[in-house]
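Residue-level structural notes
Each chain, letter by letter, is given below.
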Amino acid sequence: MYSMEGLTPFEAAAIWSVLGVAILGLLYAILLRVQILREDKGTPGMQEVWNAIREGAEAYLGQQSRSILPLIGILTLALFLSVYIVPPTPEALDRFAGLSEDSVRLIIGFGRALAFVMGAGFSLAVGQIGMRMAVQANVRVAAAARYSFGEALRIAYRAGTITGMLTDGLGLFGGTIIFIFFGIAAPDALLGFGFGGTLLALFMRVGGGIYTKAADVGADLVGKVEAGIPEDDPRNPAVVADLVGDNVGDCAGMAADIFESYEVTIVSALILALALWHITGHLEWIIYPLLVRGIGVLSSIIGTYQVKGGDAEGGDAMKAIFRGFLSSAAISVFFFGLVAIFYMPEVPGGWWRPFAATTVGVLLAIAIDRLTDYFTGSHSQPVKDIKKSTDTGAATTILTGIAVGYESSVWSILVIAITIFTSILIFGTIPGLSGTEQVTFVLYGVAMSGIGMLTLTGNNVAMDSYGPIADNANGIAEMSWQDDDSEDVLRAKRILADLDAVGNTTKAITKGIAIGSAVIAAVALFGSFLVDVSRAQATLGIPLEQQIQSLGIRVDVPQVFVGMLIGGALPWLFSAFAINAVSRAAALIVEEVRRQFKLGVLEGKVKPDYTQAVSISTNAAQKELVSLALLGVVTPILVGLVLQVEALGGFLAGIILSGQLLAVFMNNAGGAWDNAKKTIEDEPRDPAANLGKGSERHKASVVGDTVGDPMKDTAGPALNPMIKVVNLVSVIIAPIVVQYDTLGIVGWTSVVLLTGILVLAIRHSKRPAPKLIAIPEQEPQPVGD
C-alpha cells in the first residue's frame, strides 16, 4: 500500500480504519445472530412447520451451488487469461515497478481471478447465511407475536440486519483488501471482484425468483381461486414450497443483488477516481469513496437501534423502520461533510462537490423509498384504484395495475435523471478543465451518488429481509394455529398480518432502491467503460481527439445505432424467458396440487405431501440458471467483436434505459397488485356482499396478484444484476476489442462459437412446457399415520 506515491500517514491510517470498520460490521452481525438464536421457537407444531421450510430452503441452495460451480470455474480461467491479450495498464506497471511485464501480467491475472472467486464467494455467503438466519428468525417472530408487537418487530428487523451487516462488512472488506494490496492498480482486480458478485447475484435472483413464484402462483391458483381456501392453509400441498420460496427468492436473492450493487459502485468510483488522479494529482478522489463506505457501516449499526415501536397490542412498523432509515441517513450526511471539510479542502473545485454528490445519493435513496411506497403501499391512491377496479373483474384489475406500473416507471426515471443532472451542476462548473476532463468529473459525481445511495445498504437489506421473515412468520402461524380461536392467538394473528402487510411494502421499496442503484451503477460503469476504452486507444497511439471520450457515443453512426437497438431489446428477451420459466413450473405445481386434492387432502382423508411441490420448484429453477446468465455474458462480447467498441457503447446505453423502465414497471405493478389483494383480504369476510376472502372481488385480485408475481419477484429484480453483468463484461472486454479491431481467424472462430452458445441458450429458454407425467394414485395415507 505504501508504494502508492503521495500516500500520507493519515491516509494509510484511514484505510486501515475502514478495514477495521468492515470487521466491526461482521462482528455486529455475529452478535445479532447470538441474540436472535436465544429467542423462543414456539410450540412443537410451529417448529414442525419451521423445520419443513428450513430443510426445503437448505436443499435448494445446496443444489443451486452445484449447478453453477462449473461455469464459475470456466470464467475464473477466462479472467486469468484475459490479462494476456492486452498489455498491462500503466498503473499496474507503476504499482509493481521493477518486475518484468510478464510478472506483472501474472500478478494481475491471479489477482483478477482470485478477486472474481472472492466476489462470487462473498455474494454466495451473504445470500446463503442471510437466508439461513431469516429461516431461524421466522418461527421466533411468530412465537414473539403471541406476547408483543414490539418484540416481534424487533426480532424480525434485527434478523434482517444480520444480512445487512454481512453485505456491508464483506463488501467493504473485499474492496479494501484489494485496494491495500494493489494500490493504484486496484481497478484491474476490482473488475473481477465486481463481476463475481454480480454473476452470483444473477444466479440467485433468477433461480430464487423462479422457485418462489412457481410455488406461489401454483398455490394461489388452485388453493385460493379453485378451492377457496386461505393463503397458508396447511391442506395446500404447495404451501411449504411457497414459504421456502420467500426465503430463497426475497432473502438470498435480494441480499446477493444489493451486495453486488455495493461492489460495483465502488469498482466504478475507483476507476473514475484513478482518472481524476491522473488529471489533478490528488489521491483524495480515490480514498474518499472508501471513507464514505466506512461511515455507512457505522451509521447503519446506530440506525438499527432506532427501529422499535408499538406495545403488546400493535404499532406502526413502517414508521419505526423508516425512522431507523432516516436516522442512519442523517448520521451519514453529517460525517460525509466532516470528512470532506477536513480531508478534501485542496481538491479542485473544493470539498463541497464530493460531499454534495454523496448527499444527493442519500436523498435519491429516500426519494425512491417514498416514490415506491406511494405506488405500492396499501394506504396509497394507486393501490386503492386497483382495489376499486376489482369490482368489475380480473380484466380491469390487470389494466389498472399495468397503468400504475407504467406511470411509476416514468417518475422513477425522472428522479434518476435529476440526480445525474445534479452531478452535472456540481462537477460541470469546475474552471480550467477541458471538455473530456469535465465529463470524467461528472461521471465521478454520478459514481459518488451511487456510493451515497448505497451508504444505507445495511438498512436497505434489513428492510428487505424483514419482509419474507414476517411473511413466513405469518404462514407458520396460519398453519400451526388454524383451529385455535383463543384471544391470544387472534391477537397474534392480527400482529403478524400487520407486520406482513408492511413487509410487502418494504420489499417493494428495497427492490425500487436496488433498481435505482443498478441504473446509477450502470451509468458509472458506462463512464468507466469510456475511460478504459480511451486508455486502451491511447496505448495504441490514437490521438486524444479521436478517442472515444472526446468523440462520445455517436448514435448517427449506423453500427452504434444497431448496438443501441440490440441493447434496448435484451431486457425484454431476458424478462420473457424468466416469466416463461415461471409459467412452465407453475403449471406443474398446479397439476400436482390438483392431483393431491383428488386424493382427499381437502377432506382430511390423507395428509398433503409437501415434498413434491418443493422438488418441482427446485428442479425448475436449476434448469434455467445457466441459459439466462449466458444472455448477459455472451451478448456484449458478440456485439463488441462484430460491431466494434463504439457500438458496444451504444449497446450499453440501450440496455440501461430500457432495463430501468421495464424493471420499475414490473416491480411496482406487481407490488401494487399484491397489496390490493391484501387490502381485500383484510375486509370482513362476506362473499354474499362481495367482501373479503372468497368474494368475486377477491378472486379478481388474486388473478392480478398472480400476474404480478413473476414480474415483481422474478423478471424485474433479476434485471438489476443482468444489466450490471453486461456492463462489467463490456468494461473487461473493451480493451481487447480496441486492441483487435480487425477480426482474424481466431476472432471469427470465437464469434461462431459464441453465437452457437447463445442460440443454444435461447432454444433452451424457449422450449415448450414438459408433458405432465401422470403420477399413479398411491394408497392414501390416512391422517394421523
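Quick caveat, the model's predicted, so the values are computed rather than measured.

**Side note on the overall build of the chain**
Assigned secondary structure in the chain consists of 21 helices and zero strands. Viewed in the frame of its principal axes, the chain has a C-alpha envelope of about 80 × 55 × 45 Å. Counting over 785 residues, the chain shows a buried share of 63%. Long-range contacts, defined here as pairs at least 24 residues apart, represent 85% of the contacts in the chain between residues at least 6 apart. Computed over 52 positive and 69 negative side-chain charges, the inter-centroid distance for the chain is 3 Å.

**What about the environment of glutamine 482?**
Residue position: glutamine 482 is located in the loop between helix H14 (457–480) and helix H15 (487–539). By relative accessible area, which is 32% here, glutamine 482 ends up partly exposed. Distance in space between the C-alpha atoms of glutamine 482 and glycine 503 is 22 Å, their sequence separation being 21 residues. Discounting chain neighbours no more than four positions away, the residues touching glutamine 482 are Asp233, Pro234, Ala477 and Lys493.

**Quick word on H14**
With 24 residues, H14 extends 34 Å between its outermost C-alpha atoms, agreeing within 8% with the 34 Å of an ideal straight helix rising 1.5 Å per residue. Counting buried residues along H14, 22 of its 24 residues qualify, which places the element largely inside the surrounding structure.

**Brief notes about the nonpolar core**
Counting 261 residues, the largest nonpolar core has Phe195, Leu499 and Phe529 as its most contacted members. For this core, the leading source of residues is helix H7 (residues 239–280), giving 26 residues.

**Things to note about a nonpolar patch on the surface**
Judged by side-chain polarity, Leu77, Leu81, Tyr84, Leu106, Phe110 and Leu114 come together as a nonpolar surface patch covering roughly 590 Å² of accessible area. A per-element tally of the nonpolar patch places helix H4 (residues 101–144) first, with three residues. Structurally, the position occupied by tyrosine 84 is in the loop between helix H2 (44–82) and helix H3 (90–95).

**Some words on the pattern of salt bridges**
Considering all chains together, one arrives at 32 salt bridges under this definition. Between glutamate 58 and arginine 54 there is a salt bridge; the shortest N-O distance is 3.8 Å. Highlighted residues: glutamate 58 and arginine 54, both in helix H2, separated by four residues, approximately one helical turn. Here glutamate 58 falls in the partly exposed class, since its relative accessible area comes to 29%.

**Examining the confidence of the model for the chain**
The predicted model of the chain has a mean per-residue pLDDT of 86, with 96% of residues at 70 or higher. Between residues 773–780, whose pLDDT stays under 50, and residues either more than four places distant or in other chains, the model counts six contacts.

**What about the side chain of threonine 714?**
Residue placement: threonine 714 occurs in helix H20 (residues 696–739). Among the polar contacts made by the side chain of threonine 714, one reaches the main-chain carbonyl oxygen of glycine 209 at a distance of 2.8 Å.

**Looking at the environment of threonine 397**
Relative to the helices and strands, threonine 397 resides in helix H12 (residues 394–427). When its relative accessible area of 1% is taken as the criterion, threonine 397 is described as buried. Each C-alpha atom of the pair threonine 397 and alanine 676 lies 9.5 Å from the other, and the pair is 279 residues apart in sequence.

**A closer look at the packing of helix H9 (residues 317–343) against H15**
Closest axis-to-axis distance for the H9/H15 pair is 9 Å, and the angle between their directions is 35 degrees. Listed contacts from H15 to Ala317, Met318, Ile321 and Phe325 of H9 are Leu499, Val502, Thr505, Thr506, Ile509 and Ile513.

**Description of unusual backbone geometry**
The phi dihedral of glutamine 644 falls on the positive side, at around 80 degrees, and the residue is not glycine. With respect to the helices, strands and loops of the structure, glutamine 644 is situated in the loop between helix H18 (610–643) and helix H19 (645–681).

**Structural notes on the environment of alanine 357**
Inspection of the secondary structure puts alanine 357 in helix H10 (residues 352–376). Sequence-wise, alanine 357 and serine 449 are 92 residues apart; in three dimensions their C-alpha atoms are separated by 5.2 Å. Apart from the residues within four sequence positions on either side, alanine 357 is in contact with Ile426, Phe427, Gly445, Met448 and Ser449.

**Topic: the packing of aromatic side chains**
Within this structure, the stated rule accounts for 21 aromatic pairs. Here tyrosine 28 and tyrosine 305 contribute two aromatic rings whose centre-to-centre distance is 6.2 Å and whose plane-to-plane angle is 50 degrees, an arrangement assigned as tilted. Separated by 277 residues along the polypeptide, tyrosine 28 in helix H1 (residues 9–37) and tyrosine 305 in the loop between helix H8 (284–304) and H9 bring together distant segments of the chain. The class for tyrosine 305 is partly exposed, based on a relative accessible area of 33%. Each member of the aromatic cluster is reached from another via a ring pair, and the members are Trp285, Phe427, Phe441 and Tyr444.

**Details of the packing of H12 against H19**
Running from N to C, H12 and H19 point in directions that differ by 135 degrees, and their axes come no closer than 7 Å. Here H12 lies oblique to H19, going by the angle between them. In this structure, H12 meets H19 at a crossing whose hand is right-handed. Between H12, through Thr397, Ile398, Gly401, Ile402, Val404, Gly405, Tyr406, Ser408, Ser409, Ser412, Ile413 and Ile416, and H19, the contact on the second element is made entirely by Leu657, Gln660, Leu661, Val664, Phe665, Asn668, Ala669, Ala672 and Trp673. Of the residues assigned to the contact of H12 with H19, the class counts are 13 nonpolar, eight polar and no charged.

Conventions and cut-offs
- Residues numbered from 1 in each chain as written.
- Predicted model: local features only at pLDDT ≥ 70, side-chain atom pairs only at ≥ 80, totals over all residues.
- Heavy atoms only, no water.
- Helix = DSSP H or I, 4+ residues; strand = E, 2+ residues; numbered from the N terminus.
- Buried < 20%, exposed > 50% of the residue type's maximum accessible area, 1.4 Å probe, protein only.
- Contact = heavy atoms within 4.5 Å.
- Lys, Arg positive; Asp, Glu negative; His and termini not counted.
- Charge placed at Lys NZ, Arg CZ, Asp CG, Glu CD.
- Expected span 1.5 Å × (residues − 1).
- Core = buried A, V, L, I, M, F, W, Y, C linked by side-chain atoms within 4.5 Å.
- Patch = residues over 30% accessible without salt bridge, like charges linked within 9 Å, V, L, I, M, F, W, Y side chains within 5 Å.
- Areas by Shrake-Rupley, 256 points an atom, 1.4 Å probe, with all protein chains shown as cover.
- Salt bridge = Lys/Arg side-chain N within 4 Å of Asp/Glu carboxyl O.
- pLDDT = per-residue confidence, 0-100.
- Polar contact = N/O pair within 3.5 Å; in protein donor to acceptor, adjacent residues only side chain to side chain.
- Axes fitted to C-alpha atoms, helices over the stretch in contact; angles between N-to-C directions.
- Phe/Tyr/Trp six-rings, centres within 6.5 Å; stacked < 30°, edge-to-face > 60°.
- Parallel < 35°, antiparallel > 145°, perpendicular 65-115°, else oblique.
- Left-handed = near helix turned anticlockwise from the far one by under 90°.
- Nonpolar A, V, L, I, M, F, W, Y, C, P; charged D, E, K, R; others polar.

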